[in-house]
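# An overview of the molecular structure
Residues per chain are reported as follows:
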Amino acid sequence: MNPIIVNKLAKSYEKVNALKGISFEVEDGELFGLIGPDGAGKTTLIRILASLLLPDTGKASLVGNDVVKDFHEIRKIVGYMPSRFSLYTDLTVQENLEFFAGVFGSTIEENYYLIKDIYHMLEPFKGRLAGKLSGGMKQKLALSCALIHKPKILLLDEPTTGVDAVSRKEFWAMLGKLKAEGITILVSTPYMDEASLCDRIALIDKGEILSVNTPKGIIALFPQKLYGISTPNSFSLLNHLRTLPICKDAFLFGQEIHVTTSNSNITCESLHDLLSNSGFTNSTVTLIEPTVEDCFMQLMGNNR
Amino acid sequence: MEKKEIIIEVENLVKKFGQFVANDNLTFKVFKGEIFGFLGANGAGKTTAIRILSGLLEPTSGKISVAGYNAYSQRDLIKANIGYMSQKFSLYDDLTVRENIRFFGGIYGLYGKILKARIDELLSDLKMTEFKDDLISSLPLGWKQRLSFSIAMIHKPVIIFLDEPTGGVDPITRRSFWEMIHSVANQGTTVFVTTHYMDEAEYCDRVTIMVDGRIEALDSPANLKKTFNANSMDEVFVMLARKAKSA
């Protein structure tokens with residue numbers, strides 16, 4: 001049986017349907033990403049799995065334990081890192097760790113090997129109040145506290161939001177090591193570029209799952225050819241492209257424009273000629289592989 | 001690119017807090033209509049620099065002019081001639097869309113017919129005329145960001161500062177926000193933007209990367225990638241920021 005099973009889970013708040021009956025499973029030892037923007041339902045889902053919120057309908061289980069009935073057992077086997085920093089800001093680094101170990105009937109020494117790499121970076125600051133740590137350090141401490149009772153499953157709610165690119169890289173490297181220890185990890189993120197670091201991902205938007213697959217699998221399912229167009233003035237070209245009947249979608253990706261067309265006979269050459277004839281003589285057109293972000297936008301477009 | 005009119009000029013900017021040097025000898029220029037990206041890890045000194053450039057904080061030393069005004073003696077004039085928007089900058093949740101626009105317009109000295117015309121123009125540009133009497137609290141996050149941006153532009157400033165403006169929205173909304181940025185830059189407004197999203201750095205004309213209070217790199221994204229032999233701005237950033245000594 002898979003360690004995380006979600007079956008037709010639904011949850012509404014007063015005005016919004018946060019989860020509209022979603023289902024998926026996470027396999028043993030998998031690093032599974034929940035990718036979607038704010039308001040997609042990621043936090044609601046994770047809070048239900050952590051047994052902190054009751055679903056309206058549907059079922060979910062972690063290692064065979066029902067998230068409603070067996071909440072006692074759930075809390076022993078789950079390590080949970082909420083999106084908002086929730087450690088004690090008026091305790092030191094060391095005191096926070098001791099506190100969380102104590103709550104779970106463990107000690108820092110018992111599972112030190114799990115947090116060793118992370119704690120190593122925190123050690124110089126172990127006497128500092130948690131509230132005085134930098135963003136990246138807070139995040140490392142929160143992960144240590146979520147790991148200190150050696151959970152079977154880690155639930156991480158947007159652990160890298162607002163954290164700089166270097167700390168994000170280090171954090172994902174740590175998740176890779178924890179996965180190697182056999183811990184099953186469910187992690188949510190609004191950063192599309194982190195999707196490629198997961199074994200499988202679920203793309204989620206407005207309470208619905210758009211797709212569940214490996215990052216490569218999601219990209220392979222992109223239904224059209226995707227063109228990348230570079231030009232010195234991408235903003236005017238973008239506006240021009242959108243007036244063309246053959247242009248299905250055109251989006252800015254940095255200095256490049258990603259374009260899909262409604263006509264499969266179009267080639268790089270014909271697209272280039274078409275643009276040259278309209279005065280955009282300096283553009284280069286190439287066929288490119290979609291990113292997860294292209295796929296997400298395409299699926300979101302279908303969903304509207 | 002023919003963008004030669006200088007809008008921000010900074011020479012040897014230093015800002016110290018006691019012994020701590022937050023900005024260590026920064027020198028750069030920003031041109032009219034340019035989208036200028038300002039990147040750095042948490043604690044690299046970005047916020048300090050922005051606060052100085054927007055007239056909120058006095059520099060310790062250096063020669064700084066913003067929109068032609070002196071950053072020591074003309075800070076109020078700087079404030080009146082720039083726009084500022086941050087992710088934390090919040091509209092008043094318990095006021096309507098129109099009330100928020102009117103309030104901020106009033107703060108920037110607009111009144112009477114001019115204010116009224118500007119409110120109508122802004123509502124129609126945003127396609128929010130229909131929702132003008134809705135409370136801010138009922139709007140989706142992406143709408144609030146677009147509205148915040150337009151309100152920061154209400155007095156038609158020559159420069160707009162955007163401090164991490166696009167956190168948390170979906171990629172389509174994020175793109176439509178960047179298209180708004182391109183559109184005002186095309187009309188000649190200078191855009192000074194900080195972000196944590198390295199892919200967004202690629203939208204900028206030029207990018208500055210700060211490490212430990214100093215400028216480690218300043219160039220167009222394409223040139224930076226070439227110089228550091230990297231495939232993305234993310235790689236460039238990580239290479240430079242790893243050199244940082246502070247935790």
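Predicted model, so just to flag it, every value in this text is computed and none were measured.

Calculation notes
- Residues numbered from 1 in each chain as written.
- Chains lettered and ligands numbered in written order.
- Predicted model: local features only at pLDDT ≥ 70, side-chain atom pairs only at ≥ 80, totals over all residues.
- Heavy atoms only, no water.
- Pairing = 2+ DSSP bridges.
- Helix = DSSP H or I, 4+ residues; strand = E, 2+ residues; numbered from the N terminus.
- Contact = heavy atoms within 4.5 Å.
- Buried area = accessible area lost by both parts, 1.4 Å probe.
- Salt bridge = Lys/Arg side-chain N within 4 Å of Asp/Glu carboxyl O.
- Nonpolar A, V, L, I, M, F, W, Y, C, P; charged D, E, K, R; others polar.
- pLDDT = per-residue confidence, 0-100.
- Patch = residues over 30% accessible without salt bridge, like charges linked within 9 Å, V, L, I, M, F, W, Y side chains within 5 Å.
- Areas by Shrake-Rupley, 256 points an atom, 1.4 Å probe, with all protein chains shown as cover.
- Lys, Arg positive; Asp, Glu negative; His and termini not counted.
- Charge placed at Lys NZ, Arg CZ, Asp CG, Glu CD.
- Buried < 20%, exposed > 50% of the residue type's maximum accessible area, 1.4 Å probe, protein only.

Looking now at the pairing of strand β4 (residues 61–66) of chain B. Residue and element names in this part refer to chain B. As judged from the five bridges shared by strand β1 (residues 6–17) and β4, these two strands associate in the antiparallel manner. Within the sheet, the bridge partner assigned to Val10 lies in β4 and is Ile64. Looking at chain direction, β4 and strand β5 (residues 69–70) are connected through two bridges and run antiparallel. Opposite Val66, over in β5, you have Tyr69 as the bridge partner. Counting the residues between successive antiparallel strands, the hairpin from β4 to β5 contains two residues, one of them, Ala67, with a positive phi of roughly 55°.

What follows is about the interface of chain A and chain B. Between chain A and chain B, the residue contacts involve 30 residues of the former and 27 residues of the latter. A buried area of about 2600 Å², summed over both sides, lies between chain A and chain B, and 59% of it is on carbon and sulfur atoms. Run the count over chain A and chain B and you get four salt bridges. The salt bridge partner of A:Lys169 is B:Asp234, with a shortest N-O separation of 2.5 Å. Sorting elements by how many residues they give to the side of chain A that touches chain B places helix α6 (residues 165–180) of chain A first, with five residues. The residue inventory of the side of chain A that touches chain B, partitioned by class, reads 16 nonpolar, six polar and eight charged.

The next thing to look at is the confidence of the model for chain B. Mean pLDDT for chain B: 90, with 96% of residues reaching 70 or above. The ipTM, which scores confidence in the relative placement of chains, is 0.79 for this predicted complex, and the corresponding pTM is 0.85.

What follows concerns a negative patch on the surface. Residue and element names in this part refer to chain A. A cluster of acidic residues, Asp90, Glu95, Glu98 and Glu109, forms a negative patch on the protein surface. When you line up the elements, Glu98 lands in helix α3 (residues 93–103). A relative accessible area of 43% means that Glu98 is categorised as partly exposed.

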